[in-house]
Amino acid sequence: MKKTLLTILSLISVFGLSAQWNPMENHRVTAGAAGHFEAKINKDGITFVAFWQLKAEDPERQGDRHSDGVDQEYLLQIIDKAGNNLFSTAGKLISDEPSRSFTAGLDDVLFIDSDGNALYIVKDERNNNGGYPDQGYFVYKVSPAGEFLWEEPVDLDKGYAYFGVYNIHVTQIADGSYIFAHDVYVTDKGVARVVIDRVSKNGEFEWEQSLELSNAEVSYSFPYVVDAGSGNFIVVYSKGPGIQMYAQKYGFDKEALWVNETAIYRGGFTSGASPMTAFRVTSDANGGVFAFWYDDRYNSKFEEAYVSHILSNGKQGFVIDGEGLQVSRSPSMRAFRPGGAYDAANEVLYVIFEEDNGNQGFRSIVLQKVTKEGELLWTDPEGEEYNTNGFILDSKWAPEAVAYYSVQLAGDGKIAVFYQRDYMRGNDTENVAVLLDVSGDQPQTVWNDGEWIYLPRGTGKLSLTSLPLVDNEYFITLSVEGGDIFAQKVPLSGPTAIEPPAIDKADIAAYEYFDLMGRRLNVQPDNSLFIEKTIKKNGSVVVAKRFFKR
C-alpha cells in the first residue's frame, strides 16, 4: 500500500526516568516482573497494574500439596493521576500461597468496579488436599490507596479445589454486586462445566447455590460475562465437542430470560483457532454484546475474522447470512484476532484485526467501521489486490511484523490505535500510536499527517496495552522491556517536538544505514528508500528515520 510517512526525530535517555508522567517518556512501573501483567484504569484516572513472578516454593508451606519447585507471587502497583507509583517497583504483595502456573486460557485477573476499587483474582492450591494439580480462585478487593477492603479474600470455589479451573471473567451489575464465571474441569466426569456466582460489594455470596451450565455428556466452557443493565447479565459460552458458541441472558436471581439460548457460531474451531485464542466479547452499552472471533469454517487454511451483535432481546443485530458478519474481505490474506471499540453515541463499531499472507511472512493491521445494521464502510483507497476491503493501517514484510494492537475511542469523531512493530523478531521493537479522524468517508491521520512513533526501538518490548482516554486529554500505555514494566503518557493533542542535540561525528559510535526491510547497508544509499540511524556513545540514543513513498 502506497503511503507517505513523515520523518520522525525522537530522543530518549536510558537514565534519569521521572517519577511522574512525562509525555513520550518511559515511566518505570515495576522491576523484574518477567513480562506478565494486566492493567486497568478507574474513573478517577488511577491505574492498577497486576503482575506476577515466579519464586522458589517454601517446603514448610507446601505441605502435602504437589510440588513443582516454584510458586507464583501475585503483585500490584498503583499509579496516581499525576504518575506517581504508590508502591516501590517491587510492588505490593497480594498473595504468595502455594500455586502452579498463573493462568490457563482466558483468565481476566483485574477488574475495576463503579466505585474505583479493584478486584484482583488469584489462582492457587490453598484448598488442595493432595490432588494434582488441584487449584481454586480467590478474589481480593483493593482500594485506590492500596488497602484490602475485604477482611478475607472470597473463595470462589467454596473450599474445593479442582483439576482444572480456567477462563475467569467478572462484571458488575446495577446493585453493585459482582458476577463471576469460570470453567471447572472434573476428571472423573471427563467434561467441563461453567460455574457462575453473584458476590455482594461486601464480599458475600448472594445465591445459596451457584448457577451452573452443565451437562453430563457435553462440556460447557470459555465463559464471558457482561452486564446487561437492570440487574441482568449475559453469559457467552461454548459447549459441545465442536466448541460452538452461544449466549444466554440471566436475571438478578439467576433465572434465564431468553426462551432459547442464542447461537453465535456453530461451525466449531480448528486447533489453531479456539475460543482460548480466537474469541473476545464486549458490551454494546445497551444490554447486548459484541462477539469477535476468527475461524476457518471451510477448512481452506485461510482464516477469516467475524463479529456478531447480540441484542438485549437475544436476537442478531446484524442482518447477515450465515453466522457472524465477515469483516475481513481480502481474497488472498488470512485474518486473525479481531477486537474493537463501540461508539454507542453514534452506533458504530470499530473493528481491528490482523491479516497475514499464506506463510505469515507479510502482516497487516486492518481497521473497519461497521454500522448498527452491519454495513462495512471502509475500503482500501489504493485498491491493491491483497486487500479490497478495510483500511490498512500498517503493512510490513517480515521481520517488520505488527502485533499487540488495540483501538480506543478518542472523542469527537476520532479513534486512537496502538500497536508494536517488530524489526528483529523481538530484539528491535517500537511502540506506535496513531490518531485517526473517523468522521468522514475514510479515516484521516491527525498527528502530523502520519504515524507517531512515540518510543524509539528497544530490546524485547512486549505486551503493549492501551487504556481508555482520561479526561479527554491523554491515554496511558504499558509495555514490557527487559522483564520490567514501563508506562507511557500519550497526549491526545499529539507529540511535543523534541529537538535532537547537535551530532559531532567524532562522538558517534556507529553510523548505520538500513533499508526499509531492516537490512543494514554498507554504504550510504543513493535512493530514498532507507532509514538512517545514529547512536551516541554516552548512552543516549538519537534515531532519525526517513520514510518515503513506496
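Peer 1: Can you tell me about the overall build of the protein, naming the residues and giving the values?
Peer 2: What the protein contains, in helices and strands, is two helices and 37 strands. When the 550 residues of the protein are sorted by exposure, 56% land in the buried category. Sequence separation of 24 or more characterises 53% of the internal contacts of the protein that already satisfy a separation of 6 or more.

Peer 1: How would you summarise the sheet that holds strand β15 (residues 220-229) if you had to cite specific residues and measurements?
Peer 2: With antiparallel pairing, four strands are arranged side by side in an open sheet as β15-β16-β17-β18. Each edge of the open sheet is held by one strand with a lone partner, namely β15 and β18 (262-265). Pairwise comparison of adjacent strand axes, ignoring direction, gives a mean angle of 25° for this sheet.

Peer 1: Now, about the pairing of strand β4 (residues 47-56): what can you tell me, with residues and values included?
Peer 2: Within a regular strand, the side chains alternate between the two sheet faces. Burial within β4 is extensive, with seven of its 10 residues counted as buried. As paired strands, strand β3 (residues 37-41) and β4 are joined by five bridges and run antiparallel to one another. Counterpart to Phe37 in the pairing with β4 is Phe51. Summarising the sheet, β4 and strand β5 (residues 70-79) pair through 10 bridges and their orientation is antiparallel. Within the sheet, the bridge partner assigned to Ala50 lies in β5 and is Leu76.

Peer 1: Describe the environment of Val402, and please don't skip the residues or the numbers.
Peer 2: Of note, Val402 is situated in strand β27 (residues 401-409). Along the primary structure Val402 and Val432 are separated by 30 residues, whereas in three dimensions their C-alpha atoms are 9.8 Å apart. In this structure Val402 touches Arg363, Ser364, Ile365, Asp394, Lys396, Tyr419 and Gln420, once residues within four positions along its chain are discounted.

Peer 1: Explain the packing of aromatic side chains to me, and be specific about the residues and the numbers.
Peer 2: Evaluated as defined, the whole model comprises 21 aromatic pairs. Both rings, one in Tyr140 and one in Phe148, keep their centres 5.7 Å apart while their planes meet at 50°; by these two values the pair is tilted. The buried category is assigned to Tyr140, whose relative accessible area is 11%. Classification of Phe148 by relative accessible area gives partly exposed; the value is 37%. What links up through ring pairs into an aromatic cluster is the set Tyr224, Tyr265, Phe269, Phe279, Trp293 and Tyr306. One residue, Lys239, lies across the ring of Tyr246, its end atom 4.8 Å from the ring centre. We note Arg297 situated over the ring of Tyr306; from NZ or CZ to the ring centre the distance is 3.9 Å.

Peer 1: Talk me through the sheet that holds strand β25 (residues 362-371); I want residue IDs and the actual numbers.
Peer 2: Within the open sheet, the four strands sit side by side as β23-β24-β25-β26. Their pairing is antiparallel. Sheet topology places β23 (334-343) and β26 (391-397) at the edges, where each strand pairs with a single neighbour. Averaged over all pairs of adjacent strands, the angle between their axes in this sheet comes to 15°, without regard to strand direction. As paired strands, β25 and β26 are joined by six bridges and run antiparallel to one another. Looking across to β26, one finds that Leu367 is bridged to Phe391.

Peer 1: Describe the nonpolar core, with residues and values.
Peer 2: Where a protein is soluble and globular, its nonpolar side chains tend to be buried together. By size, the foremost hydrophobic cluster in this structure holds 24 residues, and its most contacted members are Val236, Ile264, Phe279, Val281 and Trp293. Mapped by element, the contributors of at least two residues to this core are β15, β16 (232-239), β17 (244-250), β18, β20 (289-295) and β21 (304-310). Core analysis: the second largest hydrophobic core is formed by 19 residues, Leu367, Phe391, Ile415 and Val417 among them.

Peer 1: Give me the pattern of salt bridges: which residues, what numbers.
Peer 2: Considering all chains together, one arrives at 26 salt bridges under this definition. Between Asp113 and Lys141 there is a salt bridge; the shortest N-O distance is 3.8 Å. Separated by 28 residues along the polypeptide, Asp113 in the loop between β7 (110-112) and β8 (118-124) and Lys141 in strand β9 (residues 136-142) bring together distant segments of the chain. Looking at Lys141, the relative accessible area reads 5%, which means it is buried.

Peer 1: Residue-level account of the confidence of the model for the protein, with values.
Peer 2: On average, residues of the protein score 82 in pLDDT, and 80% of them reach the 70 mark or higher. Residue range residues 1-18 is modelled with pLDDT below 50. Its contacts to residues more than four positions away, or to other chains, number 55 contacts. For residues 497-503, every residue scores under 50 in pLDDT, and the model assigns this stretch 13 contacts once sequence neighbours within four places are set aside.

Peer 1: Mind laying out the side chain of Gln172, listing which residues take part and the relevant values?
Peer 2: With respect to the helices and strands, the residue Gln172 is situated in strand β11 (residues 164-172). Of note is the side chain of Gln172, whose polar atom sits 2.9 Å from the backbone oxygen of Gly176. In contact with Gln172, other than residues within four places in its own chain, are Phe111, Asp113, Ser114, Ser177, Tyr178 and Asp227.

Peer 1: I'd like a description of the environment of Gln488, backed by residues and values.
Peer 2: Structurally, Gln488 is set in strand β33 (residues 484-491). With 405 residues separating them in the primary sequence, Gln488 and Gly83 have C-alpha atoms 9.5 Å apart. There is a polar contact of 3.0 Å between the side chain of Gln488 and the side chain of Asn26. Looking at Gln488, its side chain comes within polar contact range of the side chain of Thr477, at 2.5 Å.

Peer 1: Run through the pairing of strand β13 (residues 191-199), naming residues and quoting values.
Peer 2: The buried fraction of β13 amounts to nine of the nine residues, a majority that puts the element mostly inside the structure. Judged by which residues are buried, β13 turns out to be covered on both faces: Val191, Arg193, Val195, Asp197 and Val199 on one side and Ala192, Val194, Ile196 and Arg198 on the other are all buried. With antiparallel pairing between neighbouring strands as the criterion, strand β12 (residues 178-186) and β13 make up a hairpin whose turn holds four residues, including Gly190 at a positive phi of roughly 70°.

Peer 1: How would you sum up unusual backbone geometry? Please name residues and give values.
Peer 2: A positive phi angle, close to 65°, is found at Ala285, a residue other than glycine. Examined against the element boundaries, Ala285 turns out to sit in the loop between β19 (280-283) and β20. Although it is not a glycine, Asp471 adopts a positive phi angle of roughly 50°. Here Asp471 shows up in the loop between β31 (462-466) and β32 (474-481).

Peer 1: Describe the side chain of His309, naming the residues involved and giving the relevant values.
Peer 2: Checked against the element boundaries, His309 lands in strand β21. A polar atom in the side chain of His309 sits 2.8 Å from the side chain of Asp284. Setting aside its immediate chain neighbours within four residues, His309 contacts Asp284, Val289, Phe290, Lys315, Gln316, Gly317 and Phe318.

Each value, and the rule that gives it
Residues numbered from 1 in each chain as written. Predicted model: local features only at pLDDT ≥ 70, side-chain atom pairs only at ≥ 80, totals over all residues. Heavy atoms only, no water. Helix = DSSP H or I, 4+ residues; strand = E, 2+ residues; numbered from the N terminus. Buried < 20%, exposed > 50% of the residue type's maximum accessible area, 1.4 Å probe, protein only. Contact = heavy atoms within 4.5 Å. Pairing = 2+ DSSP bridges. Axes fitted to C-alpha atoms, helices over the stretch in contact; angles between N-to-C directions. Phe/Tyr/Trp six-rings, centres within 6.5 Å; stacked < 30°, edge-to-face > 60°. Lys NZ or Arg CZ within 6 Å of the ring centre and 35° of its normal. Core = buried A, V, L, I, M, F, W, Y, C linked by side-chain atoms within 4.5 Å. Salt bridge = Lys/Arg side-chain N within 4 Å of Asp/Glu carboxyl O. pLDDT = per-residue confidence, 0-100. Polar contact = N/O pair within 3.5 Å; in protein donor to acceptor, adjacent residues only side chain to side chain.

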